[in-house]
Amino acid sequence: ATTPFRVDFEDFLEFVSHFNGRAGDDKYDVQSDLDDDGRVNFNDFLLFAGSFNKTAVTKDGQPVPSTKPVISPAGQNDAVTLELKLQDAKVLPGQLITLDVNMASVEAMQGFGLTLNFDDTKFEFVEAGPAAEDLLKTGGAETPVFLQHVENGSVTVANAMNDVPVGGEGAVVSLTFKVLQDFGDEAARFDIADAIVFDGDLNSNPVVVLGTLELQTTPTEFALLQNYPNPFNPETTIKYNLAEGAGVSLRIYNIVGQVVRTLVAENQTAGRYQVRWDGTDDRGSSVSSGIYFYQIAAGQFKDVKRLMLL
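A.B. asks: Before we go on, may I ask you to explain the overall build of the chain in this structure?
C.D. replies: Counting its regular elements, the chain contains two helices and 19 strands. In terms of overall dimensions, the chain is more spread out than a globule: its C-alpha atoms have a radius of gyration of 27 Å, far above the 19 Å expected for 310 residues. Judged by the C-alpha coordinates and their principal axes, the chain covers about 90 × 45 × 35 Å. Partitioning the contacts of the chain with sequence separation of at least 6, the portion at a separation of at least 24 is 67%. Of the charged side chains in the chain, 22 are positive and 44 negative, and the gap between their average positions amounts to 11 Å.

A.B. asks: It is not clear to me how the sheet that holds strand β19 (residues 301-309) should be interpreted in this structure. Could you clarify?
C.D. replies: Working definition: the strands of a sheet are paired by backbone hydrogen bonds and lie parallel or antiparallel to each other. The strand order β16-β15-β18-β19 describes an open sheet built from four strands, whose pairing is antiparallel. The strands lining the two open edges of the sheet, one partner per strand, are β16 (259-268) and β19. Sheet twist, expressed as the average angle between the axes of neighbouring strands with direction ignored, equals 15°. As defined by bridge partners, strand β15 (residues 246-253) adjoins strand β18 (residues 290-298) across six bridges and the pair is classed as antiparallel. What sits directly across from Leu-250, in β18, is Ile-296.

A.B. asks: What's the story with the environment of Val-209 in this structure? I'm lost.
C.D. replies: Tracing the backbone shows Val-209 in the loop between β11 (204-206) and β12 (212-215). Taking the relative accessible area as the measure of exposure, Val-209 reaches 44% and is therefore partly exposed. Residues within four places of Val-209 in sequence aside, it is in contact with Val-80, Thr-81 and Leu-82.

A.B. asks: I tried to follow the sheet that holds strand β13 (residues 223-224) on my own but got confused; where do I start?
C.D. replies: One open sheet holds the three strands; their spatial order is β13-β14-β17, and the pairing between them is antiparallel. Edge strands, defined here as strands with exactly one partner in the open sheet, are β13 and β17 (271-277). The pairing of strand β14 (residues 236-242) with β17 spans seven bridges and is classified as antiparallel. Bridged to Leu-242 within β17 is Gly-271.

A.B. asks: How do you make sense of the side chain of Ser-174 when you look at a structure like this?
C.D. replies: Here Ser-174 is to be found in strand β9 (residues 166-179). Here the side chain of Ser-174 touches Asp-100 through a polar contact of 2.6 Å, side chain to side chain. For Ser-174, the contacting residues outside a window of four places in its chain are Gln-87, Thr-98, Leu-99, Asp-100, Glu-127, Ala-128, Gly-129, Pro-130, Ala-131 and Ala-132.

A.B. asks: Help me understand the pattern of salt bridges, please; the structure alone is not making it clear to me.
C.D. replies: Pairing of side chains with opposite charge becomes possible as their charged atoms draw close. For the structure on display, the rule yields twelve salt bridges. Where Arg-39 meets Asp-37, a salt bridge forms, and the shortest distance between an N and an O atom there is 3.7 Å. The network of salt bridges with shared partners includes Asp-119, Lys-122 and Glu-186.

A.B. asks: Please explain the nonpolar core as it appears in this structure.
C.D. replies: Taken as a class, soluble globular proteins show a tendency for nonpolar side chains to be buried jointly. Grouped together as the largest cluster of nonpolar side chains are 39 residues, with contacts concentrated most on Met-103, Met-109, Phe-123, Leu-175, Phe-177 and Phe-190. Listed by contribution, the elements that provide at least two residues to this core are β3 (81-86), β4 (96-109), β5 (111-117), β6 (123-130), β8 (154-160), β9, β10 (188-198) and β12. Leaving out residues up to four positions away in the same chain, Met-109 has contacts with Asn-77, Met-103, Leu-135, Leu-136, Met-161, Pro-165, Val-166, Val-172, Val-197 and Phe-198. In terms of nonpolar packing, the next biggest core, distinct from the first, is built from 22 residues, Ala-246, Tyr-292, Tyr-294 and Ala-298 among them.

A.B. asks: Teacher, can you tell me more about the side chain of His-18 here?
C.D. replies: By the secondary structure assignment, His-18 is in the loop between α1 (9-17) and α2 (42-51). Exposure remark for His-18: the relative accessible area of 13% places this residue in the buried category. Of the polar contacts made by the side chain of His-18, one reaches the side chain of Glu-14; its length is 2.9 Å. Of note is the side chain of His-18, whose polar atom sits 2.8 Å from the backbone oxygen of Lys-27. The residues touching His-18, leaving out its near neighbours within four places in the chain, are Lys-27, Tyr-28, Asp-29, Ser-32 and Val-40.

A.B. asks: What's the story with the packing of aromatic side chains in this structure? I'm lost.
C.D. replies: Two measures describe an aromatic ring pair: the distance that separates the ring centres and the angle between the ring planes. For the structure on display, the rule yields eleven aromatic pairs. Look at Phe-125 and Phe-177: their rings are 5.7 Å apart centre to centre, the planes differ by 70°, and that puts the pair in the edge-to-face class. Linking Phe-125 in strand β6 with Phe-177 in strand β9, this pair joins segments that are 52 residues apart in sequence. Exposure remark for Phe-125: the relative accessible area of 14% places this residue in the buried category. The buried category is assigned to Phe-177, whose relative accessible area is 0%. What links up through ring pairs into an aromatic cluster is the set Phe-118, Phe-123, Phe-125, Phe-177, Phe-183 and Phe-190. Note that Lys-122 overlies the ring of Phe-183, its terminal NZ or CZ placed 5.8 Å from the centroid.

A.B. asks: Is there a simple way to think about unusual backbone geometry in this case?
C.D. replies: Only a minority of non-glycine residues have a phi that is not negative, and only a minority of peptide bonds are not trans. Each neighbour pair has its own omega, and for Tyr-228 with Pro-229 the value is -5°, a cis peptide bond. Looking at where Pro-229 falls in the secondary structure, it is placed in the loop between β13 and β14. For the peptide bond that leads from Asn-230 to Pro-231, omega is 0°, which places it in the cis range. Summarising the element assignment, Pro-231 is placed in the loop between β13 and β14. For Asp-36, which is not a glycine, the phi torsion comes out positive at approximately 55°. On the secondary structure map, Asp-36 appears in the loop between α1 and α2.

Calculation criteria
- Residues numbered from 1 in each chain as written.
- Predicted model: local features only at pLDDT ≥ 70, side-chain atom pairs only at ≥ 80, totals over all residues.
- Heavy atoms only, no water.
- Helix = DSSP H or I, 4+ residues; strand = E, 2+ residues; numbered from the N terminus.
- Rg over C-alpha atoms; globule rule 2.2 N^0.38 Å.
- Contact = heavy atoms within 4.5 Å.
- Lys, Arg positive; Asp, Glu negative; His and termini not counted.
- Charge placed at Lys NZ, Arg CZ, Asp CG, Glu CD.
- Pairing = 2+ DSSP bridges.
- Axes fitted to C-alpha atoms, helices over the stretch in contact; angles between N-to-C directions.
- Buried < 20%, exposed > 50% of the residue type's maximum accessible area, 1.4 Å probe, protein only.
- Polar contact = N/O pair within 3.5 Å; in protein donor to acceptor, adjacent residues only side chain to side chain.
- Salt bridge = Lys/Arg side-chain N within 4 Å of Asp/Glu carboxyl O.
- Core = buried A, V, L, I, M, F, W, Y, C linked by side-chain atoms within 4.5 Å.
- Phe/Tyr/Trp six-rings, centres within 6.5 Å; stacked < 30°, edge-to-face > 60°.
- Lys NZ or Arg CZ within 6 Å of the ring centre and 35° of its normal.

Limitation: the analysis is restricted to geometry and does not speak to function.
This is the structure we're talking about:
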């Protein structure tokens, strides 16, 4: 492996290839039989997971016991991209949210591993597992083991199968977290910090395009906030909160009640939003200095506030 003294993704893929093997058959491997009971099963998997990310003790530059380093050539999956998607409509304190990891541009994947970083002051890791529509299983294969390793705001997951490699795009992992607090407008980030994909020859490619997702807690009340700056020239920002999904209309009016500019006219999900107004009307012409009003209508919620263009 490329990291012969460390228990990592490549070791996991090798372990999976011998899973369910028994002493005496071709699938069995004594190094994967960690409890030496003649079977490579879930007991061995638990032992393997416990040593994941650990580095071997070395003597005179060699691991104890010694293993021969092997450098693997590059695999077939050199264009794979990752994306994080939130399954849930709301992010509320005390509730669970689930993130899906989606892969695209997969040529021939036998297994993968990735590390996701998160803010453990805002989220608590609950569980991880293969996605409901797992890309690895699209050809009818089984994924008999699944590795997860959690430590200090980081969770590492890996999965593999013993069948014909798959290609295409789709979800591979679902990760569930508990929201610990309301962090309002402050964004919380989930970052895939490292990922690797293996093909049918056990050759690997690091994933270059990694996913990032920023979340805010969902407001529990509808609100239209005061624009900032106010007075303004040449631009100002208007923020509003939606406690539920609704058809949203946000318009600028002059002092005689005429619509000057429509900023929003669409259905939106629950969340925190902001939009900028540059002092122009719907035709793109600059409006004159003075007092204007901005009004929101979102379902049954309506509010209006005043702003001033200098």
